[in-house]
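One-letter residues, chain by chain:
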Amino acid sequence: MALLEIRNLSKVYQRDSQMITVFEGIDLDIEAGEFLVLMGPSGSGKTTLLNLVAGLDKPTAGTISVGAAEVTEMSPRQLAAWRSRHVGFIFQLYNLLPVLTAYQNVELPLLLTHLSKSERREHVMTVLEVVGLSDRADHYPRQLSGGEEQRVAIARAVVSDPTVILADEPTGDLDAKSADEVLTLMQRLNGEFNKTILLVTHDQRAAERGHAVMHLDKGVLTG
Amino acid sequence: MAIPVIYNLRSVRQRPVSTLFTALGMGLVVLVFIAMMALSRGFRSALVATGSRENVIVVRSGADSELISGLGRETAQTITGMPFVARTPDGRPLASPEVYVLVSLERLGGGDALVTARGINPEAFQVRKNVRIIAGRMFNPGAPEILVGENIVGRFAGTEVGGVISFANRDWTVVGHFAAGGSAFESEIWGENEQFMPAFRGEVFQSLTFRMRDSGAFQSIRQTLEDDPRLPVDAHREYDFYANQSYLLTRILSFAATFIAGIMAIGAIFGAVNTMYAAVSARAPEIAVLLTLGFRPLGVLGSFLFEAALIALLGGLLGCLFSLPLNGIVTSTTNWQSMSEVAFAFRVTPELLLRGIGFALVMGLVGGFFPAVKAARQPVVQAARQGTIA
Ligand SMILES: Nc1ncnc2c1ncn2[C@@H]1O[C@H](COP(=O)(O)OP(=O)(O)OP(=O)(O)O)[C@@H](O)[C@H]1O
Ligand SMILES: [Mg+2]
């Protein structure tokens, strides 16, 4: 059984009286330790798919399971708890809280665990080390470059050791060099730390870093 | 664990101007509230300080103020001769049969006000332990001389030592000033009862105040006095008698404080509502991130409520700060029970300051509630799509 199983997944948005079918009857398996890249034109539903997997949105039909968790069956409250333990989310625009330091941003997910302050410190410093920013722990987002911000966001996504990392165009806003650093980092997370990654991107170079590439277009998923 | 407090602290600091204005609005409400309550407390404490628990005041049966009371000489003599009245070492009763009248005096700032003129006997200074002469001397028996209470010195014409005040068709020379522990006596003019009596109402006292030999025996003393068929009188513990005079005005002032501050609070609450709605809208993407990370909507609600409370706390502290200089300022009002002018000081107590802060917190929580609910109910996806954190 695959780590992540998507079965017969459909998402239809209703805008006024108009029905917008983003996709219908999608199936997808992702094995543990996989680094899967998802590509597709704008508006094809990539973000929608990630949001469904993270339980941020409800599908119109179909099921999603991640490990033992039936994502599509859970209540909002259960989803929040599940997400904090099993999903690491990386956004295109980093989405760090501007009033918190890098350290405090990375610590946020750990505040939802039972870890003590010193244990949290250990975890946070470890992941900041991994993303190469331990010396920037006390800096605020505005004091960091875009690439550095995204690396902090990646640290935040992995600090609670989630089951799966979902990344939505993480290099979309970065220059080539920073994008390269971020992608190398994600490759390391996958190779060295055995993280399962689902990466959405428009960037061909990003796509080359994954094990496999899938395309989503006009509601159809092809390998 | 909840969304860290530091997040709210820094977010509030991020928009100092709107925070400050919102807090200032609440601070003004708190100031008004504390000021009016301090007025009420000051008035009450002046009247509470007036009477002693060791003394009994006797008035005509049914009279709730000395103004409408009357006691004949004989009645006064009968009572002062009773065994429960304390005595001086040389055997005189510690009792003061008193004449109580209102005289119209000219305020220095313009206008007239009614002031209590109390005719006492010399024992009054021993009966009432809190009274002492602070300038000049005691009046001489038989002379048209008066003493002026500290609180009205300088408020009315001729109140300085050596000054002359006219009332009851006579001129009275001020020979001294007296203090009385901040009590309502300090707003009175004292002279000799035998001088005042003919000048005013004739052969009648208005009250008799005496020290009890045993202050624990008040109930039986009262019983004895009120049951005596020769004596158409009521007896009160002096403390209760004056404290009760503060009851009505104190209640009205407290009610007005709550009512007026309450109405003003509506404005301040709308300020908080605005500020918090603006904060919630501006930080929609941040809220989305928190929700995505797995923080619960209830946590988000709590976080924004806390932030509103934080602003309110600042407002409350500002209000307290503004109100502190009021403490001790002397003002005056008419004691409706005695119809006379009573001067007293604003009393800003620690308890009032705490209540002011409590008031502010309530405003903050009420004002922050709907914005916080809006934050908590924000759909995660919607917010996440709205996009960027600058
Ligand atoms: N809340 C919504 N209501 C209605 N339609 C929506 C909503 N959210 C997304 N859509 C529509 O669903 C479709 C898929 O959107 P989605 O954001 O998933 O695309 P995407 O592949 O991530 O695009 P991009 O590459 O530009 O990020 C789009 O046509 C979009 O307009
Ligand atoms: Mg997208």
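About the criteria used
Residues numbered from 1 in each chain as written. Chains lettered and ligands numbered in written order. Predicted model: local features only at pLDDT ≥ 70, side-chain atom pairs only at ≥ 80, totals over all residues. Heavy atoms only, no water. Buried < 20%, exposed > 50% of the residue type's maximum accessible area, 1.4 Å probe, protein only. Helix = DSSP H or I, 4+ residues; strand = E, 2+ residues; numbered from the N terminus. Pairing = 2+ DSSP bridges. Contact = heavy atoms within 4.5 Å. Polar contact = N/O pair within 3.5 Å; in protein donor to acceptor, adjacent residues only side chain to side chain. Nonpolar A, V, L, I, M, F, W, Y, C, P; charged D, E, K, R; others polar. Salt bridge = Lys/Arg side-chain N within 4 Å of Asp/Glu carboxyl O. Axes fitted to C-alpha atoms, helices over the stretch in contact; angles between N-to-C directions. Parallel < 35°, antiparallel > 145°, perpendicular 65-115°, else oblique. Left-handed = near helix turned anticlockwise from the far one by under 90°. Domains from an automatic or database assignment. Buried area = accessible area lost by both parts, 1.4 Å probe.

Looking at this model, I keep getting lost on the pairing of strand 3 (residues 112–120) of chain B. Mind explaining?
Regular strands have side chains that alternate between both faces of the sheet. All names here are of chain B. For strand 3, the buried fraction is high: seven of the nine residues fall into the buried class. Relative to strand 3, strand 2 (residues 95–106) runs antiparallel, the two being bridged by eight bridges. Counted as the bridge partner of glutamate 106 is aspartate 112 from strand 3. Hairpin connection between strand 2 and strand 3: a loop of five residues separates the two successive antiparallel strands, and glycine 110 in this loop has a positive phi of roughly 105 degrees. Both strand 3 and strand 8 (residues 188–192) contribute to a ladder of five bridges, which runs parallel. Along strand 8, the bridge assignment pairs alanine 117 with isoleucine 189.

For this particular structure, what's the right way to read the pairing of strand 7 (residues 170–179) of chain B?
Residue and element names in this part refer to chain B. Summarising burial for strand 7: seven of the 10 residues are buried, a large majority. Pairing between strand 4 (residues 132–136) and strand 7: four bridges, direction antiparallel. Within strand 7, the residue paired with arginine 132 across the bridge is alanine 179. As paired strands, strand 5 (residues 145–149) and strand 7 are joined by five bridges and run parallel to one another. Of the residues in strand 7, the one forming a bridge with leucine 147 is glycine 176. Bridge count between strand 6 (residues 164–167) and strand 7: four bridges; the pairing is antiparallel. Within strand 7, the residue paired with serine 166 across the bridge is aspartate 171. In sequence, strand 6 turns back onto strand 7 through a hairpin of two residues, with alanine 168 there showing a positive phi of about 55 degrees.

What's the story with helix 1 (residues 46–53) of chain A in this structure? I'm lost.
Structurally, the α-helix is built with 3.6 residues per turn, so residues lying three or four positions apart point the same way. All names here are of chain A. With seven of eight residues buried, helix 1 is to be regarded as a mostly interior element. Within the span of helix 1, buried status applies to Lys46, Thr48, Leu49, Leu50, Asn51, Leu52 and Val53. Of the residues trailing helix 1, glycine 55 is marked for its positive phi of about 75 degrees.

I'm lost on the interface of chain B and chain A in this one. Help?
Think of interface size as the accessible area that goes away when the parts come together; that is how it is often given. Chain B puts 23 residues into the contact, and the matching count from chain A is 28 residues. Counting across the chain B and chain A interface gives five residue pairs in polar contact (both at pLDDT 80 or more). Broken down by secondary-structure element, the contributors of at least two residues to the side of chain B that touches chain A are helix 1 (5–14), helix 8 (284–293) and helix 11 (380–386) of chain B. In terms of residues, the side of chain B that touches chain A owes the most to one element, helix 8 of chain B, which gives six residues. Residue classes in the side of chain B that touches chain A are distributed as 13 nonpolar, six polar and four charged.

Sorry, what's going on with helix 2 (residues 76–86) of chain A here?
Listed in full, the buried residues belonging to helix 2 of chain A are A:Leu79, A:Ala80, A:Trp82, A:Arg83 and A:Ser84. Check the buried side of helix 2 of chain A and you find it contacts helix 1, strand 4 (61–66), strand 5 (69–70) and strand 6 (87–90) of chain A together with helix 8 of chain B.

Looking at this model, I keep getting lost on the pattern of salt bridges. Mind explaining?
Opposite charge on two side chains makes pairing possible when the charged atoms of those side chains draw close. Residues and elements named next belong to chain B. Across all of its chains, the model carries 30 salt bridges over all chains by this definition. A salt bridge links glutamate 66 to arginine 118; the shortest N-O distance between them is 2.7 Å. Placement of glutamate 66 in the loop between strand 1 (55–60) and helix 3 (73–80) and of arginine 118 in strand 3 is noted, with a sequence separation of 52 residues between them. Ionic pairing is found between glutamate 226 and arginine 222, a salt bridge with its closest N-O pair at 3.5 Å. Of the two residues, glutamate 226 and arginine 222 are both situated in helix 6 (residues 218–227); the distance of four residues between them amounts to about one turn of the helix.

Sorry if this is basic, but what is going on with unusual backbone geometry here?
Glycine aside, residues mostly have negative phi angles, and peptide bonds mostly take the trans form. Even without a glycine there, the phi angle at A:Lys218 is positive, about 50 degrees. For B:Asn169, which is not glycine, the phi torsion reads 60 degrees and is therefore positive. Its location among the elements puts B:Asn169 in the loop between strand 6 and strand 7. Classification of B:Asn169 as exposed rests on a relative accessible area of 83%.

Please clarify how the packing of helix 1 of chain B against helix 9 (residues 297–323) of chain B should be interpreted in this entry.
Packed helices, taken two at a time, are described by the angle their axes make and the gap between the axes. Residue and element names in this part refer to chain B. Running from N to C, helix 1 and helix 9 cross one another at 50 degrees; their axes reach a closest spacing of 10 Å. With respect to helix 9, the element helix 1 is oriented oblique. Every pair of crossing elements has a handedness; the one defined by helix 1 and helix 9 is right-handed. In contact with Val5, Tyr7, Asn8, Leu9, Ser11 and Val12 of helix 1, helix 9 contributes Ser303, Phe306, Glu307, Leu310 and Ile311.

Would you mind going over the domain arrangement of chain B with me for this structure?
Residues and elements named next belong to chain B. Structurally, chain B comprises domain 1 (5–48 + 247–389) and domain 2 (55–211). Inter-centroid distance (C-alpha atoms) of domain 1 to domain 2 is 47 Å. Listed per partner, the contact involves 13 residues of domain 1 and 16 residues of domain 2. Interface of domain 1 and domain 2: buried area, both sides summed, is about 1,100 Å²; carbon and sulfur atoms make up 49% of it. When residues of domain 1 are sorted by the area they lose upon contact with domain 2, Gln337, Glu341 and Ala343 head the list and together hold 44% of the total. Remark: the boundary between domain 1 and domain 2 carries one salt bridge. Note that glutamate 341 and arginine 107 form a salt bridge whose closest N and O atoms lie 2.9 Å from each other. Here domain 1 is connected to domain 2 by seven residue pairs in polar contact (both at pLDDT 80 or more). If you list the elements that add at least two residues to the side of domain 1 that touches domain 2, you get helix 2 (16–48), strand 11 (330–335) and strand 12 (340–345).

Honestly, the sheet that holds strand 5 of chain A in this entry has me stumped. Any pointers?
In any sheet, the strands associate via hydrogen bonds between backbone groups, in a parallel or an antiparallel arrangement. Residues and elements named next belong to chain A. As summarised here, the arrangement of the four strands in space is 2-1-4-5, forming an open sheet in which the pairing is antiparallel. Each edge of the open sheet is held by one strand with a lone partner, namely strand 2 (18–30) and strand 5. Where strand 4 meets strand 5, two bridges bridge the pair, whose relative direction is antiparallel. The residue of strand 5 that forms the bridge with valine 66 is alanine 69. The strands that helix 1 touches are strand 1 (4–15), strand 2 and strand 4; relative to strand 1, the one it contacts most, it runs at about 120 degrees.

What am I meant to see in the environment of B:Val101 here?
Note that B:Val101 resides in strand 2. Each C-alpha atom of the pair B:Val101 and B:Leu9 lies 61 Å from the other, and the pair is 92 residues apart in sequence.

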